[in-house]
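# Observations on chain architecture
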Amino acid sequence: MAEVAVEPRSGGSAALFTYRPHPDVALGDACFVPLGRRTVLGFVLGMRRVEEPELGFPASALRTTGPPVRGLGLVEPVLRLLEFVADEYLCPIGAALGPAVPPNLRQRLAPCWSLVSGDPPEGLTAAEMEAVRVLREAGGTWMGSRMRKAPPGSEKVLRSLV
């Protein structure tokens, strides 16, 4: 299980939630997590193995984190500092997290799509095959930004390939 902290503005005063971790997620990683009907940015502050009988409900009922956000994460000394601040000042760890990350972080992130090795899976739609072709022509990676938006409909197709 992954203990993920989100900003108190997004997750309330508790702001620490348990998820089934994506296979590539590690301690300190930033990842997008489902929270109600929204997806919010969170940081993995704890990882532990829990057997299903201890949970009291099926592990499949837990929602899964997204993959780690490349280039963004918290190193071990910062994680220890967050725990100290939360204990020392009796605040939720999500509140302690606020000063440790840049303001408006989510708005600063840019989408990035990369092809994985191998041939595309069978059964892709024509739009998905076109997205794969365009990604190949771009060298295997497409990086968006606030200034460089994807063509209309492209981002939806790219998200469907994930």
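Residues numbered from 1 in each chain as written. Predicted model: local features only at pLDDT ≥ 70, side-chain atom pairs only at ≥ 80, totals over all residues. Heavy atoms only, no water.

A few words on the overall build of the protein chain. Of the regular secondary structure elements, the protein chain holds seven helices and seven strands. Reading the protein chain from its N terminus to its C terminus gives the helix and strand order β-α-β-β-β-α-β-α-α-α-β-α-β-α. Burial status across the protein chain gives 32% buried among its 162 residues. Intrachain contacts of the protein chain at a sequence separation of at least 6 include 64% that bridge at least 24 residues. Split by element, the accessible area of the protein chain, about 10,600 Å² in all, is 57% carbon and sulfur. (Helix = DSSP H or I, 4+ residues; strand = E, 2+ residues; numbered from the N terminus. Buried < 20%, exposed > 50% of the residue type's maximum accessible area, 1.4 Å probe, protein only. Contact = heavy atoms within 4.5 Å. Areas by Shrake-Rupley, 256 points an atom, 1.4 Å probe, with all protein chains shown as cover.)

Let's shift gears to the pattern of salt bridges. Scanning the entire structure with this criterion turns up five salt bridges. With a closest N to O distance of 2.4 Å, Glu130 and Arg133 form a salt bridge. Residue Glu130 and its partner Arg133 are located together in helix H6 (residues 126-137), separated by three residues, close to a single helical turn. For Glu130, a relative accessible area of 37% puts it in the partly exposed group. Where Arg133 meets Glu137, a salt bridge forms, and the shortest distance between an N and an O atom there is 2.3 Å. (Salt bridge = Lys/Arg side-chain N within 4 Å of Asp/Glu carboxyl O.)

Take the layout of surface pockets next. The calculated volume of the second largest pocket comes to roughly 280 Å³. Every element with two or more residues in the lining of the second largest pocket is listed here: helix H1 (8-11), strand E4 (38-47) and helix H5 (105-108). (1 Å grid on protein atoms, 1.4 Å probe; cavity = no way out; pocket = protein on both sides within 12 Å on 5 of 7 lines; lining within 4 Å. Points joined across faces, edges and corners; volume = space filled by probe spheres on them.)

What follows is about the environment of Pro120. Examined against the element boundaries, Pro120 turns out to sit in the loop between strand E6 (112-114) and H6. The exposure class assigned to Pro120 is partly exposed, which follows from its relative accessible area of 23%. In sequence terms Pro120 and Val132 are 12 residues apart; their C-alpha atoms lie 7.8 Å from each other. Not counting residues up to four positions away in its chain, the partners in contact with Pro120 are Met129, Val132 and Arg136.

Moving on, we get to the confidence of the model for the protein chain. In regions of low pLDDT, the predicted coordinates are not meant to be interpreted in detail. For the protein chain, mean pLDDT is 84; residues scoring 70 or higher make up 88% of the total. Mean pLDDT across the elements of the protein chain bottoms out in helix H7 (residues 154-160) (68) and peaks in helix H3 (residues 76-88) (94). (pLDDT = per-residue confidence, 0-100.)

Counting residues in each nonpolar core, the largest one holds 16 residues, and the members touching the most others are Phe43, Leu45, Leu72, Leu74, Leu82 and Leu97. Breaking this core down by element, the ones donating at least two residues are E4, strand E5 (68-73), H3 and helix H4 (93-97). Excluding its chain neighbours within four sequence positions, the residues that come into contact with Leu82 are Leu45, Leu74, Ile93, Ala96, Leu97 and Ala100. Counting 11 residues, the second-largest nonpolar core is a separate cluster that includes Ala2, Val4, Val25 and Val44. (Core = buried A, V, L, I, M, F, W, Y, C linked by side-chain atoms within 4.5 Å.)

For H6, which comprises 12 residues, the first-to-last C-alpha distance of 17 Å matches the rise-based estimate of 16 Å (1.5 Å per residue) to within 8%. Here H6 has its buried residues at Glu128, Ala131, Val132 and Leu135. Each buried residue of H6 sits inside an arc of 100 degrees when the element is viewed along its axis, so together they form one side. Set apart from the buried face of H6 by more than 90 degrees, the exposed residues are Ala126 and Glu137. Count one or two residues on from H6 and you reach Gly139, which has phi positive near 90 degrees. (Expected span 1.5 Å × (residues − 1). Arc of directions from axis to C-beta.)

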